[in-house]
Amino acid sequence: MIQAVHADRDAIWDGFLRTWPIDRVASMSLADYAGSGSEESGGEEDHGTGDGFAYWLETRTRELGRLGGGTGFTFGIFRMDRANRRAYRPGDRHRSDGEYAWYARYGGTKGEAFSRIRRSILQVIEAARSGRIEDIEPIGLGRALKWKIASLYQIRLDPMITPIFSKQALRFILDAPERRISLAELQRRAGRLRGNQDFWSFYESVAGKWSGYEAARRDLLAWDGGDGQGGLLQEAEEPRQEAEEPPQESEEPREPEDSDWSAGPPGNLILYGPPGTGKTHHLQAHLMPRYRDGEGDCFEFVAFHPGYSYEDFVEGIRPGPDPETGALRYDVKPGVFLRLCARAKADPSRRYALFIDEINRGNTAGIFGELIALIEDDKRCAWDSRGRLLPGKGLEATLPYSGKRFGVPANVDIYGTMNTADRSLASLDIAFRRRFRFREMPPDPGTIKGTLGDGGIPDGEGGWLDLRAMLEALNRRLVALRSRDRLIGQSYLMRCRNLEEVRLALRDGILPLLGEYFNGDYGRIQRVLGDIGPDGSEYPDAMVRSGILPDRELQGGTGIGAFGFDEGDGNGEAGPAQGIKTWHVSESGAWTAAILKRIYRG
């Protein structure tokens, strides 16, 4: 019976994630969030309507943690019904357009409000997925809402968030008397208490402990006329608000770590890994949406390359026509990073970001110049309303071309991607590397969907070709024969849905990449592809095949022997007496399912 209940909860969780994958959340509309709405829908509990995101959070996933009632303001913005259209009119705390109502601090229009709410939701998801649950605390959503979202999007194989979103309840369960303790710390303590216990069994046990306390408290209040004494009992009787409001926004400029849109300290994060592991996609799908709202994009995107310079990035002298005479003149022009920092300095309540693709393809020390010191966390700047640097709030340097004082605003995050096959991590400038956090993105075969979502595709012979196993086998051999910096990412196989698409991915994508990894050493490429049998001989139907070009075809008057060519490498390859060993890739149309399965079956 217990196992059935747990299975039911897991099925609900599966259904939620299938319905609301992260990419759908990133692009959802207000109607998707609040539901399509009907004049009869709404009510005390189900504030989202139809099949909207809010409805899933409050009603369809109720067994996975309860939000705790309240009103539609639990979700920051909601679609009103007939009964409450008169109740929620524009005021100091609320805004309404007659159809939707929302907290005024989110914006003056429903579009502005929802854009900020959606951005905050994505910040919560990112923090939960990365395990940085402390970053959830300052995000501008109501406490129960953001922790419910975090619990649903956490890594299920290593859960960190128990689906109890009341600080009062967790303090009681964990016997934590500290009133100023964060919910993130309480969740970490709950995780330590759970240890290796089954996730749902632990949840039921601690939820039952809290329910028992709640029942005893109600009995006590009924017995003593509502005069509960002390501690948690007294705290439980504080007047209940209509919904927990998001963190307050101050009218004064403030430090970015207090911002509703902050996700922890300045980004300064580099995603690194071999080609095809989704580094640039991660920037685009999961990080850029945090810096995009109804007011426009708060980021810039650049790609470094060997010709990219300090003048492109920071500032430099550029030719241009004189606006009055039309004559050529040379002016100091700001680069992309200076322009972004100017925007961020003028708008301190929002976070800005610079995304740098292929960051290790440029000369980072030369491109950043003196800014290498200024991007460090404790050198970030904050200014007063007159543009004066606040005491102890950062460091400014004098720029060499314009002679202006410049500092990096504290509300600017820097993200980069680095292809480890292009250049090793160790070759980055040490001073530069010290100022960034590095997060590895290794190949992830589990993201290959195939035809039915399990990584398999029909082999045309009544069986299945396992693309996940294929990628894992290729990478195991690459680690042994080359290095873990030169692996194959899942993107090469992610779009394959039939045998022909797999053949093309191997022929046009993976084989050329292997050629670069091994500098044309096709003997090793054969081993990676499984073209060599247990006895060390080449399969007759190998994808990469060897041959011998006879010596007489190369004589041409001087002859190969005259040059003393020896193509042998100690692995049984031919020498000058027999001719020169050659290689060719067989016709991909002849690669049967059995040949492709041999990659991972051996």
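Residues numbered from 1 in each chain as written. Predicted model: local features only at pLDDT ≥ 70, side-chain atom pairs only at ≥ 80, totals over all residues. Heavy atoms only, no water.

1. A word on the pattern of salt bridges
Counted only if it meets this: A carboxyl oxygen of Asp or Glu within 4 Å of a side-chain nitrogen of Lys or Arg is what we treat as a salt bridge. Strands are runs of DSSP state E lasting at least two residues, helices are runs of H or I lasting at least four, and both sets are numbered from the N terminus onward. Buried, partly exposed and exposed residues are distinguished by accessible area as a fraction of the type maximum, computed with a 1.4 Å probe on protein chains only: under 20%, between the cut-offs, and over 50%, respectively.
Under the criterion given, the structure shown has 28 salt bridges. Among the salt bridges present, the one from Lys110 reaches Asp97, with a minimum N-O distance of 3.3 Å. You can see Lys110 sitting in helix H5 (residues 110–130) and its partner Asp97 sitting in the loop between strand S2 (94–96) and strand S3 (100–103), a full 13 residues away along the chain. Note on Lys110: relative accessible area 28%, which makes it partly exposed. Given the relative accessible area of 39%, Asp97 is considered partly exposed. Of the charged contacts in the structure, one is a salt bridge between Asp531 and Arg598, with a shortest N-O distance of 3.8 Å. In this pair, Asp531 is assigned in the loop between helix H19 (522–529) and strand S17 (544–549) and Arg598 in helix H21 (residues 593–601), connecting sequence segments 67 residues apart.

2. Observations regarding the side chain of Glu315
As a reminder, the rule being used: Only four residue types enter the tally: Lys and Arg on the positive side, Asp and Glu on the negative side, with His and both chain ends excluded. Here a polar contact is recorded for every N or O atom pair within 3.5 Å, except that within protein the pair must consist of a potential hydrogen donor and a potential acceptor, and residues adjacent in sequence are included only if both atoms are side-chain atoms. It only takes one pair of heavy atoms within 4.5 Å for two residues to be counted as in contact.
Within the secondary structure, Glu315 is located in strand S8 (residues 315–321). Lacking a salt bridge, the buried Glu315 has Lys404 as its closest oppositely charged neighbour, with an N-O distance of 6.8 Å. At 2.9 Å, the side chain of Glu315 forms a polar contact with the backbone nitrogen of Ser402. In contact with Glu315, other than residues within four places in its own chain, are Tyr310, Val332, Lys333, Pro334, Gly335, Leu338, Leu399, Pro400, Tyr401 and Ser402.

3. Looking at H21
A turn of α-helix holds 3.6 residues, and therefore any two residues three or four places apart point the same way. Within H21, seven of the nine residues are buried, which leaves the element mostly enclosed by the surrounding structure. Burial in H21 covers these residues: Ala593, Ile595, Leu596, Lys597, Arg598, Ile599 and Tyr600. Where H21 is buried, its residues contact strand S16 (464–466), helix H17 (467–481), helix H18 (499–517) and H19.

4. Things to note about the sheet that holds strand S13 (residues 412–419)
Basically, it comes down to this: A pair of strands is considered paired only if DSSP assigns at least 2 bridges between the two. Axis lines are fitted through C-alpha atoms, for helices just across the contact stretch, and the angle between N-to-C directions can take any value from 0 to 180 degrees.
Within the open sheet, the five strands sit side by side as S7-S10-S13-S4-S14. Their pairing is parallel. Where the open sheet ends on each side, the last strands, each with one partner, are strand S7 (299–303) and strand S14 (437–440). Taking the axes of each pair of neighbouring strands and ignoring which way they run, one obtains an average angle of 20° across the sheet. Judged from the four bridges that link them, strand S4 (residues 269–273) and S14 form a sheet pairing that is parallel. Across the sheet, the residue bridging to Leu269 is Arg437, located in S14. Sheet strands in contact with helix H11 (residues 279–287) are S4, strand S10 (352–357) and S13, and its direction is about 150° off that of S13.

5. Points about a nonpolar patch on the surface
Basically, it comes down to this: Each patch is built from salt-bridge-free residues with over 30% relative accessible area, joining like charges within 9 Å and nonpolar side chains (Val, Leu, Ile, Met, Phe, Trp, Tyr) within 5 Å. Accessible surface area values rest on a Shrake-Rupley calculation with a 1.4 Å probe, where residue burial reflects the displayed protein chains alone.
Together, Ile317, Leu328, Tyr330, Val332 and Tyr401 give the surface a local cluster of nonpolar side chains, amounting to about 500 Å² of exposed area. Among the elements that take part in the nonpolar patch, strand S9 (residues 328–334) stands out by supplying three residues, more than any other. Along the polypeptide, Val332 turns up in strand S9. Relative accessible area serves as the criterion here: at 36%, Val332 is assigned to the partly exposed category.

6. Description of helix H7 (residues 167–174)
Counted residue by residue, H7 has seven buried out of eight residues, so it is predominantly covered. Those residues of H7 not exposed but buried are Lys167, Gln168, Ala169, Leu170, Arg171, Ile173 and Leu174. Between a side-chain oxygen at the N-terminus of H7 and the backbone nitrogen of Gln168 the separation is 3.3 Å; the capping residue is Ser166.

7. Observations regarding the nonpolar core
This is how the line gets drawn: What we call a nonpolar core is a set of buried Ala, Val, Leu, Ile, Met, Phe, Trp, Tyr and Cys residues that are connected through their side-chain atoms within 4.5 Å.
Ranked by size, the top nonpolar core spans 64 residues in total, and within it Val25, Tyr33, Phe53, Leu57, Ile121, Ile149 and Tyr153 carry the most contacts. Considering each element in turn, this core owes the most residues, nine residues, to H5. Once residues lying within four places of it in the same chain are set aside, the contact partners of Leu57 are Phe16, Leu67, Phe75, Leu145, Lys148, Ile149 and Leu152. One finds Tyr272, Cys298, Ile356 and Tyr415 within the second-largest nonpolar core, a separate group that totals 45 residues.

8. A closer look at the packing of H18 against H21
The test is simple: Angles below 35 degrees are treated as roughly parallel, those above 145 as roughly antiparallel, those between 65 and 115 as roughly perpendicular, and all remaining angles as oblique. Rotating anticlockwise by less than a right angle from the far helix to the near helix defines a left-handed crossing, while the corresponding clockwise rotation defines a right-handed one. Residue polarity follows a fixed list, in which Ala, Val, Leu, Ile, Met, Phe, Trp, Tyr, Cys and Pro are nonpolar, Asp, Glu, Lys and Arg are charged, and the others, Gly among them, are polar.
Between H18 and H21, the shortest axis-to-axis distance is 11 Å and the interhelical angle comes to 55°. Judged on the interaxial angle alone, H21 and H18 are oblique. In this structure, the crossing between H18 and H21 has a hand that is left-handed. From H18, Leu499, Val502, Arg503 and Leu506 reach across to H21, where they touch Ala593, Leu596 and Ile599. Looking at the contact of H18 with H21 residue by residue, the classes come out as six nonpolar, no polar and one charged.

9. Side note on unusual backbone geometry
With a phi close to 55°, Glu358 is a non-glycine residue in the positive phi region. By secondary structure assignment, the location of Glu358 is in the loop between S10 and helix H14 (364–368). On the basis of relative accessibility, which here comes to 23%, the residue Glu358 falls in the partly exposed class. In the Ramachandran plot, Asn519 falls in the positive-phi region, its phi being about 50° despite a non-glycine side chain. By secondary structure assignment, the location of Asn519 is in the loop between H18 and H19.

10. So, the packing of H18 against H19
Two numbers describe how H18 lies on H19: the axes approach to 9 Å, and their chain directions differ by 135°. Classed by the angle they form, the pair H18 and H19 counts as oblique. Considering the relative orientation of H18 and H19, their crossing is right-handed. Along its contact with H18, which presents Leu511, Leu514 and Gly515, the element H19 presents Ile525, Val528 and Leu529. For the contact of H18 with H19, a count of residues per class yields five nonpolar, one polar and no charged.

11. Re the pairing of S13
Among the eight residues in S13, eight count as buried, and that is most of the element. Burial along S13 is two-sided: Val412, Ile414, Gly416 and Met418 facing one way and Asp413, Tyr415, Thr417 and Asn419 facing the other are all buried. Note that S4 and S13 share five bridges and pair parallel. Among the inter-strand pairings, Gly273 is bridged to a residue of S13, identified as Asn419. Pairing geometry for S10 and S13, over five bridges, is parallel. Its bridge partner being in S13, Tyr352 is matched across the sheet by Val412.

So far we have only geometry, and geometry alone does not tell us how the molecule works.
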